[in-house]
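Chains, contacts and geometry: an overview
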Amino acid sequence: MTLDKLLTEFYKENGIPENGGIDKNTFEMKVFGINLRLPNSQFRKDVIHIHDIQHILNNCDITWKGEGFIAGWEISTGFWKYFPIAIFSLWAMGHSLWLHPKAVYQGFKKGLNYIGIIDLKISKSDFMKMEFDKLVENTRKEKTTKMGILQWTKFLFWILVSQIVFIFPFLIVLIGIIWVLK
């Protein structure tokens, strides 16, 4: 089946707006039981199909457990190189570490053996025509990598970075509250 058809099914099954909501000015995200409405920036609109296809490729749902797996996978495959969208992956990794650390680790570990979808450098129109089996073939690395000292060091580094990215907004709010109360 083509990625276009799989993505359409994925959106329907998960209650996600058509085309991942790229036509909307905002998107919603639930954090700590609170629905946040955030601006749907152009850089997010440009890559949301890639993120969503990663869910399909890895058979992950859109719960925080699934998002944690995908965040770990994205960081491991080098998605962090694509600023500013990488901030979303790092933030999701940081948040998910508190909820589903095993899923983040499993995603990172699996990602060591894959090429990131974004690194395939395929236009969106060509990408959507691609068969799922071809995507699997194009993203799997020939050589298998296991979690050794270097990989654990990278994982621990990205854990630290993700925690900084995750906690930073809360620190700003706390500093603001303290400043106002002075």
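Residues numbered from 1 in each chain as written. Predicted model: local features only at pLDDT ≥ 70, side-chain atom pairs only at ≥ 80, totals over all residues. Heavy atoms only, no water.

**Here's the deal with the overall build of the protein chain**
Counted only if it meets this: Runs of E in the DSSP output that reach at least two residues are strands. Runs of H or I that reach at least four are helices, and both are numbered from the N terminus. Throughout, radius of gyration means the C-alpha value; the globule benchmark is 2.2 Å times the number of residues raised to the power 0.38. With a 1.4 Å probe rolled over the protein chains alone, any residue whose accessible area is under 20% of its type maximum counts as buried; one over 50% counts as exposed, and the rest are partly exposed. Note on contacts: a residue pair is in contact if any heavy atoms of the two residues lie within 4.5 Å.
Counting secondary structure elements, the protein chain contains 8 helices and 2 strands. The C-alpha radius of gyration of the protein chain comes to 17 Å, within 12% of the 16 Å expected for a compact globule of 182 residues. Dimensions along the principal axes, computed over C-alpha positions, put the protein chain at roughly 60 × 45 × 25 Å. Within the protein chain, the fraction of its 182 residues that count as buried is 45%. If you take every contact in the protein chain between residues at least 6 apart in sequence, the share linking residues at least 24 apart comes to 68%.

**Side note on the environment of Pro84**
Tracing the backbone through its elements, the reader meets Pro84 in the loop between α3 (64-76) and α4 (86-99). Classification of Pro84 as partly exposed rests on a relative accessible area of 25%. Expressed as a C-alpha distance, the spacing of Pro84 and Arg44, which sit 40 residues apart in the sequence, is 8.8 Å.

**Regarding the pairing of strand β1 (residues 26-31)**
Definition in use: Whether two strands pair depends on DSSP finding at least two bridges between them.
Because side chains alternate across β1, one face comprises the buried residues Phe27, Met29 and Val31, and the other comprises Thr26, Glu28 and Lys30, none of which is buried. By the bridge criterion, 6 bridges tie β1 to strand β2 (residues 34-39) in an arrangement that is antiparallel. Bridging from a neighbouring strand, Met29 pairs with Leu36 of β2. Joining the antiparallel neighbours β1 and β2 is a turn of 2 residues, in which Phe32 adopts a positive phi near 50 degrees.

**Examining unusual backbone geometry**
That bond from Phe83 to Pro84 is cis: its omega, 10 degrees, falls within 30 degrees of zero. Even without a glycine there, the phi angle at Asn19 is positive, about 60 degrees. Relative to the elements of secondary structure, Asn19 occurs in the loop between α1 (3-14) and β1. Taking relative accessible area as the criterion, Asn19 reaches 37% and is therefore assigned partly exposed.

Keep in mind these numbers describe shape, not what the thing actually does.
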